[in-house]
Amino acid sequence: MSEYIINGRKKFDGIIKVQGAKNSILPILAGTVLCQGKVILHYCPQISDVETAINILRCLGCRVQRDNHTITVDSKHMNGYTIPDELMREMRSSVMFLGAILARTGYAEISLPGGCELGARPIDMHLSALVQMGMTFEENHGKIYCQTANSLHGANIHLSFPSVGATENILLAGVLAKGTTIITNCAREPEIVDLADFLNSCGAKITGAGESVIYIEGVDRLHDTQYSVIPDRIVCATYMTAVAVSGGKLFLENVIKPHMNSILSLIEQSGCQIEETKSGICIQSDCQLQKFPLIRTMPYPGFPTDMQAPFMAMSCFAQGTSVFVENIFDSRYRHAYELCRMGAKIDIQGKVAIVEGNRKNMSGSTVEAKDLRGGASLIVAGLGAEGTTVVKGGEYIERGYEKIEEYLSNAGADIVKI
Ligand code: EPZ
């Protein structure tokens, strides 16, 4: 059980190179199952969710080597189709191995996914889409036994909600399916485009990724490839909120700015200065933060739900009342109660959170992370608060933030992990 100890209000002055995107590398690692050859992936973040995905691949019989930020997967000898219960529970996104395992072996056995407790998080859209593509399944004692009589076949699939995970599962199931799959109302996140670009680099035929309709023309096999994942827009934005509440200046290297439009405009509206350069973004803050206008979380390109918690932490230091509406998950405010232990004034009414911001109210305390982004928001609040903050439950934060204590302290913050 790790924890972070932070002494707040140290001004930033430094550089951070942004890690590769967690929500890209996870579905891409699932996709390596579809290649009968060797895949070399660059720019992979060193986070525990990636370790979990590597363990799943090894359980399936794939050979995986990791050398710092490069992962090599050889799935020629893959012979398994069951994901052990403990690995499914470790990470909700394990469910996206389902489409890939099914496409490769014709079978898949998984248990209902675990991961961050962000409400119910069903997988009904994943299952109904795969059934349309020829999968049959039965549920028994919390496990799902899936199979396809022959190989999967193309289908016209409409998603009732642009689910990121369901879109990814259909992409992974469709690249080797017989015929063409069309997904309408699909997710448009940059990580979906990254997955499609990776699969196309292996010989898949996917068009339309990033739009609301994706076309997948099934092919017979995928070949070797080398691929670099995109930078993590959520980690980058989290570091920006840390500067906003602490003050000072931070240069963020390796940023794809169009992926962050909804975030950059809000950060500027709060009173921070942002300068975009060729290789990244420079953010400067004097800590005189203005409150946010109403923030509604939406599917991409709207404001991302993963940034709701870090922005809520930032709003605790702004002058005035900020309002959040969490439209994506039905229970993503657990961090609010921990922020209140630090002096924040937050009122939760169902999907709505009302924050009476005032920097003077915020002081260090001992708080507990309950999920990945909520945990990151507590680190942000600790960096801006007077005095010492202890963030327990650090293992949640390690799931998605590579060496956050090292990168932040090298840039001027006073933070250690024990
Ligand atoms: C992905 O989760 C991300 N995880 C999440 O990031 C992110 O918050 C989310 O997309 C939204 O952008 C990964 O990519 C590994 P969804 P996912 O399917 O795929 C409901 C982080 O912090 N739903 O778009 O689980 C679901 O309950 C994580 O990095 C169904 O009802 O998100 C949720 O309310 C957290 N049935 C909503 O849709 C389904 O079959 C959005 O879920 C599938 C989803």
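**Observations regarding the overall build of the chain**
Turning to step 1, where the next piece is worked out: For the chain, the helix and strand inventory stands at 14 helices and 23 strands.
Turning to step 2, where the next piece is worked out: A total of 418 residues make up the chain; the buried ones form 58% of that total.
Turning to step 3, where the next piece is worked out: Partitioning the intrachain contacts of the chain with sequence separation of at least 6 by distance along the chain shows that 73% fall at a separation of at least 24.
Turning to step 4, where the next piece is worked out: Per element, the accessible surface of the chain, about 15700 Å² overall, is 49% carbon and sulfur.

**Considering the site of the ligand**
Turning to step 1, where the next piece is worked out: In the vicinity of the ligand lie 22 residues, with Asp-124, Met-125, Ser-163, Asp-306 and Ile-328 positioned nearest.
Turning to step 2, where the next piece is worked out: A distance of 3.0 Å separates an oxygen atom of the ligand from a polar side-chain atom of Lys-22.
Turning to step 3, where the next piece is worked out: Contact distances for the ligand include 2.5 Å between an oxygen atom and a side-chain N or O atom of Asp-306.
Turning to step 4, where the next piece is worked out: With the chains in place, 89% of the 830 Å² that the ligand exposes on its own is no longer accessible.

**Structural notes on the packing of aromatic side chains**
Turning to step 1, where the next piece is worked out: Inspection of every chain in the model, using the stated rule, returns five aromatic pairs.
Turning to step 2, where the next piece is worked out: Where Tyr-81 meets Tyr-107, the ring centres are 5.3 Å apart and the plane angle is 35°; that geometry is what we call tilted. Within this pair, whereas Tyr-81 is found in the loop between strand 5 (70-74) and helix 3 (85-90), its partner Tyr-107 is found in strand 6 (residues 107-111), the two being separated by 26 residues in sequence.
Turning to step 3, where the next piece is worked out: For Tyr-81, a relative accessible area of 30% corresponds to the partly exposed category.
Turning to step 4, where the next piece is worked out: Classification of Tyr-107 by relative accessible area gives partly exposed; the value is 41%.
Turning to step 5, where the next piece is worked out: Where Phe-303 meets Phe-311, the ring centres are 5.0 Å apart and the plane angle is 75°; that geometry is what we call edge-to-face.

**Notes on the sheet that holds strand 13 (residues 225-228)**
Turning to step 1, where the next piece is worked out: Ordered in space as 4-5-3-13, the four strands form an open sheet in which the pairing is mixed. Each having just a single partner strand, strand 4 (63-67) and strand 13 make up the two edges of the open sheet. Averaged over all neighbouring strand pairs, the angle between strand axes comes to 15°, with direction disregarded.
Turning to step 2, where the next piece is worked out: Sitting on the sheet, helix 2 (residues 48-59) touches strand 4 and strand 5, and the angle it makes with strand 4 is about 150°.
Turning to step 3, where the next piece is worked out: Strand contacts of helix 7 (residues 190-201): strand 3 (38-42) and strand 13, with the helix running at about 160° to strand 13, the strand carrying the most contacts.

**Let's talk about the domain arrangement of the chain**
Quoted interface sizes are often the accessible area lost when the parts come together.
Turning to step 1, where the next piece is worked out: Taken as a whole, the chain is organised into domain 1 (4-18 + 231-417) and domain 2 (22-228).
Turning to step 2, where the next piece is worked out: Relative to domain 2, the C-alpha centre of domain 1 lies at a distance of 30 Å.
Turning to step 3, where the next piece is worked out: Between domain 1 and domain 2, the residue contacts involve 27 residues of the former and 26 residues of the latter.
Turning to step 4, where the next piece is worked out: Overall, the association of domain 1 and domain 2 removes approximately 2100 Å² of surface from exposure, summing both partners, and the carbon and sulfur fraction of that is 52%.
Turning to step 5, where the next piece is worked out: Interface area lost by domain 1 to domain 2 is led by Tyr-300, Arg-399 and Glu-402, which between them contribute 33%.
Turning to step 6, where the next piece is worked out: One salt bridge connects Arg-233 with Glu-191, and the closest N-O pair in it is separated by 2.8 Å.
Turning to step 7, where the next piece is worked out: Taken together, the links from domain 1 to domain 2 amount to 11 residue pairs in polar contact (both at pLDDT 80 or more).

**A word on the sheet that holds strand 20 (residues 352-357)**
Turning to step 1, where the next piece is worked out: With mixed pairing, the four strands of this open sheet are ordered in space as 17-18-20-19. The open sheet has two free edges, formed respectively by strand 17 (295-296) and strand 19 (345-349), since each of these has just one partner strand.
Turning to step 2, where the next piece is worked out: Pairing analysis gives five bridges linking strand 19 to strand 20, with the strands arranged antiparallel. Directly across from Ile-346, in strand 20, lies its bridge partner Val-355.
Turning to step 3, where the next piece is worked out: Packing against the sheet, helix 10 (residues 308-315) makes contact with strand 17, strand 18 (320-325), strand 19 and strand 20, and its axis sits at approximately 170° to strand 18.

**Some points on the environment of Phe-198**
Turning to step 1, where the next piece is worked out: Take Phe-198: it is sitting in helix 7.
Turning to step 2, where the next piece is worked out: Residue classification places Phe-198 among the buried positions, given a relative accessible area of 0%.
Turning to step 3, where the next piece is worked out: Placed 30 residues apart in sequence, Phe-198 and Ser-228 show a C-alpha to C-alpha distance of 8.4 Å.
Turning to step 4, where the next piece is worked out: If we ignore the near neighbours within four places in the chain, the residues touching Phe-198 are Ile-28, Gly-31, Thr-32, Val-39, Leu-41, Thr-225 and Tyr-227.

**Some points on the pattern of salt bridges**
Turning to step 1, where the next piece is worked out: Under the counting rule described, the total for this entry stands at 12 salt bridges.
Turning to step 2, where the next piece is worked out: Between Glu-338 and Arg-341 there is a salt bridge, with its nearest N and O atoms 3.9 Å apart.
Turning to step 3, where the next piece is worked out: Taken together, the salt bridges that share partners define one network made up of Lys-22, Asp-49 and Arg-399.

**Topic: the environment of His-69**
Turning to step 1, where the next piece is worked out: Among the structural elements, His-69 can be located in the loop between strand 4 and strand 5.
Turning to step 2, where the next piece is worked out: Residue His-69 is classed as partly exposed on the basis of its relative accessible area, which comes to 29%.
Turning to step 3, where the next piece is worked out: Sequence-wise, His-69 and Leu-41 are 28 residues apart; in three dimensions their C-alpha atoms are separated by 8.2 Å.

What counts, and at which threshold
Residues numbered from 1 in each chain as written. Predicted model: local features only at pLDDT ≥ 70, side-chain atom pairs only at ≥ 80, totals over all residues. Heavy atoms only, no water. Helix = DSSP H or I, 4+ residues; strand = E, 2+ residues; numbered from the N terminus. Buried < 20%, exposed > 50% of the residue type's maximum accessible area, 1.4 Å probe, protein only. Contact = heavy atoms within 4.5 Å. Areas by Shrake-Rupley, 256 points an atom, 1.4 Å probe, with all protein chains shown as cover. Near = heavy atom within 4 Å. Polar contact = N/O pair within 3.5 Å; in protein donor to acceptor, adjacent residues only side chain to side chain. Phe/Tyr/Trp six-rings, centres within 6.5 Å; stacked < 30°, edge-to-face > 60°. Pairing = 2+ DSSP bridges. Axes fitted to C-alpha atoms, helices over the stretch in contact; angles between N-to-C directions. Domains from an automatic or database assignment. Buried area = accessible area lost by both parts, 1.4 Å probe. Salt bridge = Lys/Arg side-chain N within 4 Å of Asp/Glu carboxyl O.

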